[in-house]
Every structure is written in C-alpha cells, then in structure tokens.
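Here's the letter readout for the chains.
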Amino acid sequence: SDYLLAQAALEQANANVQIAIAKLSYTQIQAPVNGTLISHDVERGNVVQPGKTLMVLSPEDPMQLVVQIDEKNLAYIQYGQSAIGSADAYPNERFEATLTYINPSIDPQRGSVKVKFSVPNPPAYLKQDMTVSVDIEVAHRTNALVVPVEVVFDSTSNAPWVMKINDGRAQHQPVQLGVRGSGKVEIISGLQQGDQVISANTTTLIEGQRVHAVLNNSKLK
C-alpha cells in the first residue's frame with residue numbers, strides 16, 4: 001500500500017509539473033512566422049482574455065493581395081490567371097500578380113468571394129493593409145472588335161443592344177457581348193468594323209430619327 005500511495009503521489013506531482021509548464025507557456029508569446037511587429041495592444045504584465053488581439057505582425061512570407069470579387073464574376077476567374085495591381089497611394093505604378101486562391105464559400109452579406117494573388121516581385125512601397133486595385137486578365141483576344149461601354153444599352157441584360165447609324169437614321173441593333181475590359185466591351189456579333197453607334201446617354205433619341213455624325217477634334221461624336 002505504501003508503494004501505491006507513493007506511485008499516486010508521484011503521478012500527482014508529474015501532473016502538477018505539467019500544469020505549471022502549461023501556465024508558464026501562457027506567459028510567453030511566440031510569433032508563428034518571422035516578420036515585423038506593426039502594433040501591439042497590451043503591455044507586459046497585463047491580463048488578457050481569450051480571443052483578444054494582442055499584436056499585429058507583418059510576416060516575411062511571400063506577399064499576397066486579398067481582394068473581394070463580386071460573385072457574378074466568379075465564372076470569369078480561375079487559378080493561375082495573370083493580374084496587374086496598383087496601390088491607391090501610387091496610382092501610376094503597376095506590378096504583376098498571379099491568382100493563387102479562391103475561397104470555396106461566398107460571403108452572404110457582401111455577395112462576394114475572397115480571392116488571393118501572389119506578388120512575386122513586390123515593389124518597395126507596398127505595405128501591409130494598403131488599399132489596392134487589381135485588374136485580372138480573364139481572357140485574351142486578338143483583332144477583337146470593341147466599343148466603349150457607354151454605347152451599349154441594357155449591357156447587363158440578356159438582350160443588349162446599340163443604337164446604330166444606318167443610312168443617316170438611328171437603328172436599334174441587337175449585339176452579343178464578349179469580354180469586358182476597362183471602359184471597353186467586346187462585340188462578338190451585331191456590328192462590323194467601321195459601323196457608327198450612338199452613346200447610350202442620348203436618351204432623347206428614338207429609332208428611325210434622322211442623325212448625322214460630326215467630327216470634333218478628330219473624334220466621332
């Protein structure tokens with residue numbers, strides 16, 4: 001019986017040691033990766049609660065861009081796509097990025113999906129939590145017929161159309177849209193090169209009305 005009591009006491013002592021070691025570990029904060037400390041909200045000796053953010057670390061891992069993409073554009077993105085990024089603070093500067101992650105779930109509050117881009121050669125001015133814009137190359141066309149987006153009526157519907165100038169009169173012309181770019185949209189069918197179209201902002205124009213083109217500073221109006 002003395003042996004059993006001694007063995008139980010030893011096991012209890014070992015358990016107390018493990019508890020002490022665990023409590024000691026709570027007094028030490030270790031970063032999961034190497035990086036630069038950006039901010040800290042506590043001081044040595046403070047008592048904190050579980051789940052409280054103590055410090056913010058900028059890791060030395062390869063830099064990533066985290067972007068929220070509208071879920072309606074989900075069909076256009078895929079792994080490995082090339083992108084061009086720019087920081088709002090440096091609007092004239094550009095850097096290359098590659099799409100490496102697409103969140104498998106949709107944010108129901110925003111109606112968006114989180115995607116991440118790797119930046120192989122980040123510029124020196126790129127900082128943690130900077131506001132950036134990303135242009136993703138979703139498709140590439142050669143010899144594509146494009147028009148400004150403002151000439152297309154109902155561009156988000158299933159029946160987009162343009163107001164075309166035909167024999168000096170305005171004509172309703174259905175079109176099929178393709179790739180959308182920055183201020184431009186591809187026309188797959190419905191128009192040919194050289195066709196003249198009227199801006200969708202011209203709301204007072206009706207089909208069949210006589211119109212004529214006027215050149216102003218070498219630009220068709």
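Before any of the text, the structure's been laid out above.
This section reports on the structure supplied with the text. (Residues numbered from 1 in each chain as written. Predicted model: local features only at pLDDT ≥ 70, side-chain atom pairs only at ≥ 80, totals over all residues. Heavy atoms only, no water.)

Digging into the side chain of Gln173
On the secondary structure map, Gln173 appears in strand S11 (residues 169-174). In this structure the side chain of Gln173 is engaged in a polar contact, spanning 3.3 Å, whose partner is the backbone oxygen of Gly190. (Helix = DSSP H or I, 4+ residues; strand = E, 2+ residues; numbered from the N terminus. Polar contact = N/O pair within 3.5 Å; in protein donor to acceptor, adjacent residues only side chain to side chain.)

Comments concerning the sheet that holds strand S8 (residues 146-148)
Through backbone hydrogen bonds, the strands of a sheet pair up, either in parallel or in antiparallel fashion. The strand order S8-S13-S12 describes an open sheet built from three strands, whose pairing is antiparallel. Where the open sheet ends on each side, the last strands, each with one partner, are S8 and strand S12 (176-180). Across the sheet, the mean angle from the axis of one strand to that of its neighbour is 40 degrees, orientation sign disregarded. Sheet analysis places S12 next to strand S13 (residues 184-189), joined by three bridges and oriented antiparallel. Bridge pairing links Leu177 to Ile187 in S13. (Pairing = 2+ DSSP bridges. Axes fitted to C-alpha atoms, helices over the stretch in contact; angles between N-to-C directions.)

Here we look at the pattern of salt bridges
Summed over all chains, the structure comprises two salt bridges. The salt bridge partner of Asp107 is Arg110, with a shortest N-O separation of 4.0 Å. With a closest N to O distance of 3.7 Å, Asp195 and Lys164 form a salt bridge. Taken together, the residues span a long stretch of sequence, with Asp195 in the loop between S13 and strand S14 (197-198) and Lys164 in strand S10 (residues 161-166) at a distance of 31 residues. The class of Asp195 is partly exposed, set by a relative accessible area of 30%. (Salt bridge = Lys/Arg side-chain N within 4 Å of Asp/Glu carboxyl O. Buried < 20%, exposed > 50% of the residue type's maximum accessible area, 1.4 Å probe, protein only.)

As for the sheet that holds strand S7 (residues 132-136)
Within the open sheet, the five strands sit side by side as S3-S6-S5-S4-S7. Their pairing is antiparallel. The sheet is open, and its two edges are formed by strand S3 (64-70) and S7, each paired on a single side. For this sheet, the mean angle separating the axes of adjacent strands, direction not counted, is 40 degrees. As paired elements, S3 and strand S6 (residues 112-118) share seven bridges and run antiparallel to each other. The residue bridging Asp70 from the neighbouring strand is Ser112, located in S6.

Taken by themselves, the reported measurements are silent on function.
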